[in-house]
Amino acid sequence: MTALEEKTNKKAPGGSAWREFPWWLVAIIIFLITMGILIATQPEFKRAFLFIKGGFGSLEDFPDVVALIGKGISVTVYTTLVGFAFALVFGLLAGLGRISSNVILRNTAIFYVEFIRGVPTLVLIFTVAFVLVPWIAGGENSGVSMSSRAVFALAIIYGAFLAEIFRAGIESISKGQMEAARSLGMTHGQAMRHIILPQAVRNILPALGNDFIAMLKDSSLVSVLAVRDVTQQGRLYASSTFRFRESYLILTFLYLTMTLTLSLLLRWFERRLGKNV
Amino acid sequence: MFDTNDVIVIDNLHKYFGHIQAVKGVNLSVRQGEVVIIVGPSGSGKSTVLRCINHLEVPTNGAVYIDGVHLEDKKTDINKVRAEVGMVFQQFNLFPHLTVLENITIAQRLVRKRNQEEAKQIAMQQLTRVGIPEKADAYPRQLSGGQQQRVAIARSLAMNPKIMLFDEPTSALDPEMIKEVLDVMLVLAKEGMTMVVVTHEMGFARAAADRVVFMDDGSVVEVASPEQLYTNPQHDRTKLFLSKILGH
Ligand SMILES: Nc1ncnc2c1ncn2[C@@H]1O[C@H](COP(=O)(O)OP(=O)(O)OP(=O)(O)O)[C@@H](O)[C@H]1O
Ligand SMILES: [Mg+2]
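Sequence order sets the numbering: in each chain, residues are counted from 1 along the sequence as written. Chains carry letters from A onward and ligands carry numbers from 1 onward, assigned in written order. This being a predicted model, a pLDDT of at least 70 is required before a residue's local features are given, and a value of 80 or more before pairs of side-chain atoms are given or counted; all residues contribute to the totals for chains, interfaces and linings. The basis for the side-chain values is all heavy atoms of the structure; hydrogens and waters are excluded.

## As for the overall build of chain A
Quick reminder of the rule: Strands are runs of DSSP state E lasting at least 2 residues, helices are runs of H or I lasting at least 4, and numbering of each runs from the N terminus. Type-normalised accessible area, obtained with a 1.4 Å probe on protein chains alone, sets the label of each residue: buried when under 20%, exposed when over 50%, and partly exposed for intermediate values. The contact rule is simple, with two residues in contact once any of their heavy atoms fall within 4.5 Å. Values of accessible area rely on a 1.4 Å probe in the Shrake-Rupley scheme; residue burial ignores everything except the protein chains shown.
A tally of regular secondary structure across chain A gives 13 helices and zero strands. Start at the N end of chain A and walk to the C end: the helices and strands fall as α-α-α-α-α-α-α-α-α-α-α-α-α. A burial count over chain A gives 41% of its 277 residues as buried. Considering only contacts within chain A whose residues lie at least 6 apart along the sequence, 72% involve residues at least 24 apart. For chain A, the exposed area adds up to about 15,200 Å²; of that, 67% sits on carbon and sulfur atoms.

Written out as structure tokens, the structure reads:
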């Protein structure tokens, strides 16, 4: 943190400010603004935009916010948010299992992590949705919706990635912290929860943020389950109107807006948190 | 079996780390209110013995009893015993994400089940005792090494332990801060706390210790009063060690 501050506070010797300026960000923002202008002024772009964000059909079924940002976007956001929340739980459990001294727990956790890491995400989404979920829920016609299967699949996949992040985060805390906590009479669980994890989570926050953004992008894969997220909306629009250029530019625009906003938010949040550590 | 005044009994303690034998059959009993200093060269097993007293290390062989409770017994609730045995580390090991006050209250609340008010009040008493009540709301990184170590002592004392263990509590400190920590420990010793201290501070040993234990190569070589051990050591290995630490 201090090194970073020093770097940013350092008085730039001539020309260096020009060199350090985030031109890439300007370029991205110009792209986003251009897209905004196209959507506002070009009817074909506007039509594609309204369809893809999901502003069609029975809008009265949805609360106002959803109507405003569109059903396609809200499906993407919902899938990511809920999927990530579950992924955090799976990841924490597997990460703790990974460093457990219990042979069964440790091997179960390693099995999970290695299994997921060895299979492509797209294949896993199919496998979870059409094999694992029916198997757990008992039968193909178990009535679990495709969007729930999609969320579950993403959670399972990202849980394995997060497990490694949690493990690394916990292992980054010096052994003395656990010893001090235990020597005061805390149980292993109390020490983990009150001493180790709060510190570990602070350390891994940037990594968690990265994976959250990665998951937002990977949520586009659930369109293969015909879940109507923005990607599925874009594909539907493209295939029914043959307006490929508008469809995919708008899809790109939507994802880029979301990921950029998120990463700026995360940076701001990290900096704020950094001040209190 | 034991003298009832012995609050710590170490019985034929052996500890292996893989093939390294760190402790080779140590016997040591500490009476209520006694202050015992452990000295010895690096790697002689001092920390290992100390850490077996609160079960941070598990002996390979032998037994440790605290107040007659056998630590290695599966039925022993180790967390209950540890609450009675405070430990102060060379590296302080304060919790960096918590304020000084929270550092001192957290175990009181979780382990002693005290409410926030009571825990806070006891924490402030202990902070006053170690001389830095004004640092209650600071974070550990805002304190000097000496202040951090005093907070660590206050954190242990707030649990009302019967025994205090210190593992080279002043070795990581700049010379000008050593005294402020030793002064706190000296008062504690005078008040009758049972203490086992690994330290090479001879001034402290002379002022506070009832006995000094010299360890070498995993064994206890010599046990004597500080006066006796420092001025008239009986064993060659003790003499050699003392000549080295007095040499510089
Ligand atoms: N966790 C461990 N794993 C492996 N070996 C260890 C471990 N802890 C201690 N040892 C070894 O056991 C021996 C005794 O170590 P110990 O820390 O008890 O010595 P010490 O007297 O406290 O030394 P110092 O004065 O350097 O602190 C040393 O050889 C050390 O390398
Ligand atoms: Mg040591």
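Moving on from the coordinates now.
## Here we look at the environment of Tyr237(A)
Residue and element names in this part refer to chain A. Relative to the assigned elements, Tyr-237 resides in helix H12 (residues 230-241). Sequence-wise, Tyr-237 and Ala-48 are 189 residues apart; in three dimensions their C-alpha atoms are separated by 7.0 Å. Ignoring anything within four residues of it in the chain, the contact list for Tyr-237 reads Glu-44, Arg-47, Ala-48, Phe-51, Ile-52, Phe-242, Arg-243 and Ser-247.

## Examining helix H3 (residues 23-41) of chain A
All names here are of chain A. Which entries qualify depends on this criterion: Here the expected span of a helix is defined as 1.5 Å times the quantity of residues minus one. In this context, the arc is that of the directions from the helix axis out to the C-beta atoms.
For H3, which comprises 19 residues, the first-to-last C-alpha distance of 27 Å matches the rise-based estimate of 27 Å (1.5 Å per residue) to within 8%. Among the residues of H3, Leu-25, Leu-32, Met-35 and Ile-39 are the ones counted as buried. Across the axial projection of H3, the buried residues extend over an arc of 90°, all falling on one side. For H3, the exposed residues lying more than 90 degrees away from the buried face are Ile-30, Ile-33 and Thr-41.

## Brief notes about the packing of aromatic side chains
Residues and elements named next belong to chain A. Inclusion rule: Aromatic contacts are taken between Phe, Tyr and Trp rings whose centres are within 6.5 Å, Trp giving its six-membered ring; a plane angle under 30 degrees counts as stacked, one over 60 as edge-to-face, and the others as tilted.
On inspection of all chains with the given rule, the structure shows eleven aromatic pairs over all chains. Measuring from centroid to centroid gives 6.4 Å for Phe-90 and Phe-152, while their planes differ by 85°, and the two rings are edge-to-face. Of this pair, Phe-90 sits in helix H6 (residues 71-98) while Phe-152 sits in helix H9 (residues 146-171); the two residues are 62 residues apart in sequence, bridging distant segments of the chain. With relative accessibility at 25%, the residue Phe-90 sits in the partly exposed group.

## Quick look at the confidence of the model for chain B
The condition that has to hold: Known as pLDDT, the predictor's per-residue confidence is scaled from 0 to 100.
Summary statistics for chain B give a mean pLDDT of 94 and a share of 98% for residues scoring 70 or more. When mean pLDDT is taken per element in chain B, strand S7 (residues 163-167) of chain B scores highest with 98 and helix H9 (residues 236-247) of chain B scores lowest with 88.

## Quick word on a nonpolar patch on the surface
Residues and elements named next belong to chain A. Rules: Each patch is built from residues lacking any salt bridge and having more than 30% relative accessible area; the joining distance is 9 Å for like charges and 5 Å for nonpolar side chains (Val, Leu, Ile, Met, Phe, Trp, Tyr). The salt bridge definition used is simple: a Lys or Arg side-chain nitrogen within 4 Å of an Asp or Glu carboxyl oxygen.
The grouping of Trp-18, Phe-21, Trp-23, Val-26 and Ile-30 at the surface amounts to a nonpolar patch, some 550 Å² of accessible area in total. Counting residues per element, the nonpolar patch draws most heavily on H3, at three residues. By the element assignment, Ile-30 lies in helix H3. With relative accessibility at 52%, the residue Ile-30 sits in the exposed group.

## Overview of the nonpolar core
Put simply, the rule reads: Put simply, a nonpolar core is a bunch of buried Ala, Val, Leu, Ile, Met, Phe, Trp, Tyr and Cys residues held in one set by side-chain atoms that sit within 4.5 Å of each other.
If you look at the biggest cluster of nonpolar residues, it comprises 52 residues, and the most contacted ones within it are Ile250(A) and Leu254(A). Beyond its immediate chain neighbours, meaning those up to four positions away, Ile250(A) contacts Met35(A), Ile39(A), Phe45(A), Ala48(A), Phe49(A) and Ile52(A).

## Regarding the site of ligand 1
All names here are of chain B. This is how the line gets drawn: When we say a residue is near a molecule or strand, we mean one of its heavy atoms is within 4 Å of it. In this classification, Asp, Glu, Lys and Arg are treated as charged, Ala, Val, Leu, Ile, Met, Phe, Trp, Tyr, Cys and Pro as nonpolar, and every other residue, Gly included, as polar.
Around ligand 1, the structure places Phe-17, Ile-20, Ala-22, Pro-41, Ser-42, Gly-43, Ser-44, Gly-45, Lys-46, Ser-47, Thr-48 and Glu-168. At three residues, helix H1 (residues 46-53) tops the list of elements feeding residues into the shell around ligand 1. Here the residues of the shell around ligand 1 are counted per class, giving four nonpolar, six polar and two charged.

## Points about the interface of chain A and chain B
Keep this limit in mind: Using a 1.4 Å probe, buried area is obtained as the accessible area two parts lose upon being combined, added over both of them.
Across the contact, 21 residues belong to chain A and 26 residues belong to chain B. Taking both sides of the interface into account, the surface hidden between chain A and chain B amounts to around 1,900 Å²; carbon and sulfur atoms contribute 58%. On the chain A side of the interface with chain B, the three residues burying the most area are Glu179(A), Ser183(A) and Leu184(A), jointly 32% of the side's total. Scanning the region where chain A abuts chain B turns up one salt bridge. In this structure, Arg51(B) engages Glu179(A) in a salt bridge whose closest nitrogen and oxygen atoms are separated by 2.7 Å.

## Some remarks on unusual backbone geometry
For Ala226(A), which is not a glycine, the phi torsion comes out positive at approximately 65°. Mapping Ala226(A) onto the fold places it in the loop between helix H11 (188-218) and H12. At Asp217(B), a position not held by glycine, the phi torsion is positive, near 50°. Looking at the element boundaries, Asp217(B) is found in the loop between strand S9 (211-216) and strand S10 (219-224). Take Asp217(B): its relative accessible area is 44%, and that puts it in the partly exposed class.

## Re the pairing of S10(B)
When a strand is regular, its side chains alternate between the sheet's two faces. All names here are of chain B. This is how it is decided: Here the rule is simple: two strands pair whenever DSSP picks up at least two bridges between them.
Summarising the sheet, S9 and S10 pair through five bridges and their orientation is antiparallel. Of the residues in S10, the one forming a bridge with Val-213 is Val-223. Here S9 hands over to S10 after two residues, with Asp-217 in that stretch at a positive phi of 50°.

## What to know about the pattern of salt bridges
Taken as a whole and judged by the stated rule, the model has 23 salt bridges over all chains. The residue Glu246(A) makes a salt bridge to Arg245(A) at a minimum N-O spacing of 3.7 Å. Judged by relative accessible area, which is 4%, Glu246(A) ranks as buried. Since its relative accessible area comes to 57%, Arg245(A) is described here as exposed. Here Arg150(B) and Glu180(B) are joined by a salt bridge, their closest N and O atoms 3.0 Å apart. Note that Arg150(B) is positioned in helix H5 (residues 145-157) and Glu180(B) in helix H6 (residues 175-190), a separation of 30 residues in sequence. When its relative accessible area of 11% is taken as the criterion, Arg150(B) is described as buried. When its relative accessible area of 25% is taken as the criterion, Glu180(B) is described as partly exposed. Beyond isolated ion pairs, a larger network of salt bridges with shared partners links Glu44(A), Arg47(A), Arg243(A), Arg245(A) and Glu246(A).

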